[in-house]
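As a plain string of letters, each chain reads:
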Amino acid sequence: MQLEEQTKALALNAAQKQAVEATEGPLLVLAGAGTGKTLVLINRIVHILQQNKASHSQILATTFTNKAANEMRIRIFNMHPYQLPWLGTFHSIASKILRINAAAANLSENFSILDADDQTKLVKIIMSDLNIDSKQFNPKIVAATIQRWKDISLGPDQVTNTDLKSEFQRVSFRVYKVYQSKLSLMDAVDFGDLLLKNIEIFRKNAAILESYQANFKYLMVDEYQDTNTAQYIWLRMLAQPRHNICCVGDDDQSIYGWRGAEVGNILRFEEDFQEAQIVKLEQNYRSTGNILKAASSLIANNNMRHGKTLWTEAKSEGKVVIKSCWNDKEEANFIANEVKLSGRVNNTTMNKNTILVRAIFQTRIIEESFINHLIPYKVIGSLKFYERQEIKDILAYIRLSVKQNDDLSFERIINKPARSIGKTSIQKIRDVANDTYISLFSAAEHILVNTNLLGNKTRNSLKAFLNLIKKWQSEFQLLNHVEMAKRIIEESGYKDMLSREETVESSTKLENLRELTKALEDFSNITEFLEHISLISDNDSRAKPEDVVNIMTLHAAKGLEFDTVFLPGWEEGLFPHPKAIDEMGQKGLEEERRLAYVGITRAKRKLYISYALSRRMYNQWNNPLPSRFLKEIPRECCLVIEGSSNSRY
DNA sequence: CGCATGACGATTTTT
DNA sequence: TCGTCATGCG
């Protein structure tokens, strides 16, 4: 497809079209749901590719989500024989740059990347070393606090007193300093570091920055409303000399503020790049009139927004159904019945329906109802392949074999399967490691050779364990990674451990391990594979379309669209979620409203919003009021169905 | 050291 | 309610 056709498909007006096609200078596109934002970006890329056939490698396209990146890759690859190595998420591109310049950041080129789980574990260990009570200070929240600092580009040296107002922040800061030094000792980085280390390298080495500035002639960003401050700084550095930057985003769809996303980046963009052309895409191609009206009226209640008026040429068709239910169970059954009905009457397939919930616990009662009604369903995002225990365990074996100073992997598997190396022994190893600033692996070796700290039984099994790792390490030089994974699963005793259990769970785990070795075949070496799994999001592995009803959180639904959307649980105390308001006040409420907006605008043709007058939460019966958001949807585009009792809406 | 038992606590969203 | 964590015993 040519650029011309694609642009037509978007039906931009003349001015918009001109701006979108402009190849030089910054461009900020604000788009409403369903206007094909990613398509706008693709158009730009295609356009540039057509104009500079020889210089394709000079284009950097970053997107926040892998979904969008993949979509682009597929469409562009189909049209062009070029490779686009610099097309990916902020994290994947930053990681690539960091590996190339690892030495400048005092890292080895195969540094490891911690995931959220690893971070929390590390924080926990540090807190116990520092004698900080993890009951009083939840390690998860400490880790999150550190992460938020990284989001706004504050390293341990840049945190100032204004960032240390609460006791919690002061404690987190103490942990942060140790955490960061532990990371460098481990030759590891976390997600935030990928960006921070880039920025640090760019600041310290003008030549390196200039080489990337020269190489990336054009920068493009999708889902711009989700960028955080660190990402913005990084972008601005790269865009500096040329100002060839194009960002696409929708401020009304910013739902990741709690993760450090900064809507203000959209406003700052206009300040930093004053020559920016701003294009508003207000025609919506996705939803029917009533759905769009509901969404627009709702979001108009927000103050912190650019403001845009969506319109559509689509007919209004049916109205938005608002259903009042006696309790959560009735709500679930209502959804199940409607799904079944639509299947029978309109002969639609199951996967055209989707249920979007605010909190993951809401899925349970819906699942129960679907099971009773024999409706096939799938909960998206709850089970993540690479986050499963057995997978992470085997990966830890692999990591440790490749890199002996991977302390987190060491801790993870030292006694799994049980080889009678218990807590006290591990603490002894930790102490030695801490005192002499060496890795746990080296500390363990040291203890075996030079001390009598451990009992005989433990000594022997520790020795066997270390030897096993060393054996695998040398075998990695000779054998390919798939074969190695198979060996490790066998020789670690992990397979036997699972086989002995003989439960349903253990056999799925074994199945997953086979799946893992299969996945390995797609990569040419183990480093590539480890890099891949640290950076992919789980959405990407959702490739096979199944004819089942999808159930997922509102957050997971961003960027997707469905014929029919159910939005259950619109109640005070659940949606807007009180915690969001507690923590962020008005800002939090507005983000909740944007979340509602995202939910509504996922629907192409039919939308159901429901609430229960009685719901069991955490084993307690609540009698919530209908959500305040319901009152913000105009009655004339709704069809209100009363429940079996008096509705309070 | 490993297992069992009981108490207790925490329940938003995740690249 | 469920799952995690600490404690205590064999």
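Draft legend 1. Seen up close, the protein's contact with DNA strand B. Not every one of the 22 residues close to DNA strand B is listed here, only the nearest: R358, I360, S420, T424 and S425. Separating a base oxygen of DNA strand B from a side-chain N or O atom of R358 is a distance of 2.3 Å. For the surface near DNA strand B, the secondary structure elements donating two or more residues are α18 (423-436) and α25 (578-600). No other element matches α25, which puts three residues into the surface near DNA strand B.

Draft legend 2. Representation of the state of the cysteines. Scanning the model with the defined rule gives zero disulfides in all. With no disulfide of its own, C246 has C247 as its nearest cysteine by sulfur position, at a separation of 6.6 Å. Judged by relative accessible area, C246 falls into the buried class, the value being 0%. Here C638 stays free of any disulfide, with the sulfur of C637 as its closest cysteine sulfur at 4.4 Å. Overall, C638 belongs to the buried group, its relative accessible area being 8%.

Draft legend 3. Broad picture of the pattern of salt bridges. As enumerated under the stated definition, the model contains 34 salt bridges in all. Where K323 meets E330, a salt bridge forms, and the shortest distance between an N and an O atom there is 3.1 Å. On the accessibility criterion, K323 (7% relative accessible area) is buried. Judged by relative accessible area, which is 21%, E330 ranks as partly exposed.

Draft legend 4. View of the sheet that holds strand β17 (residues 638-641). Across the sheet, seven strands lie side by side as β11-β12-β10-β13-β14-β9-β17; this open sheet has parallel pairing. The open sheet has two edge strands, β11 (377-379) and β17, and neither has a second partner. For this sheet, the mean inter-axis angle between neighbouring strands, taken without regard to orientation, is 20°. Lying over the sheet, helix α13 (residues 289-299) contacts β9 (320-325) and β14 (603-612), oriented at roughly 55° with respect to β14.

Draft legend 5. Local environment of the pairing of strand β1 (residues 27-31). In terms of residue burial, β1 counts as a mostly covered element, since five of its five residues are buried. Neither face of β1 is open: one carries L27, V29 and A31, the other L28 and L30, and all of them are buried. In terms of strand pairing, β1 meets strand β8 (residues 277-281) through five bridges, oriented parallel. Paired with L28 across the two strands is I278, which belongs to β8. As judged from the four bridges shared by β1 and strand β7 (residues 245-249), these two strands associate in the parallel manner. When the bridges of β7 are listed, L30 appears paired with G249.

Draft legend 6. Region of the structure containing the side chain of T145. Structurally, T145 can be placed in helix α7 (residues 139-151). Note on T145: relative accessible area 15%, which makes it buried. Not counting residues up to four positions away in its chain, the partners in contact with T145 are F168 and S172.

Draft legend 7. Spatial organisation of the environment of H481. Structurally, H481 can be placed in helix α21 (residues 481-491). Its relative accessible area of 9% is what places H481 among the buried residues. C-alpha of H481 to C-alpha of K509: the two residues are 28 residues apart in sequence and 20 Å apart in space. Only 2.7 Å separates the side chain of H481 from the backbone oxygen of F523, close enough to count as a polar contact.

Calculation criteria
- Residues numbered from 1 in each chain as written.
- Chains lettered and ligands numbered in written order.
- Predicted model: local features only at pLDDT ≥ 70, side-chain atom pairs only at ≥ 80, totals over all residues.
- Heavy atoms only, no water.
- Near = heavy atom within 4 Å.
- Polar contact = N/O pair within 3.5 Å; in protein donor to acceptor, adjacent residues only side chain to side chain.
- Helix = DSSP H or I, 4+ residues; strand = E, 2+ residues; numbered from the N terminus.
- Disulfide = S-S within 2.5 Å.
- Buried < 20%, exposed > 50% of the residue type's maximum accessible area, 1.4 Å probe, protein only.
- Salt bridge = Lys/Arg side-chain N within 4 Å of Asp/Glu carboxyl O.
- Pairing = 2+ DSSP bridges.
- Axes fitted to C-alpha atoms, helices over the stretch in contact; angles between N-to-C directions.
- Contact = heavy atoms within 4.5 Å.

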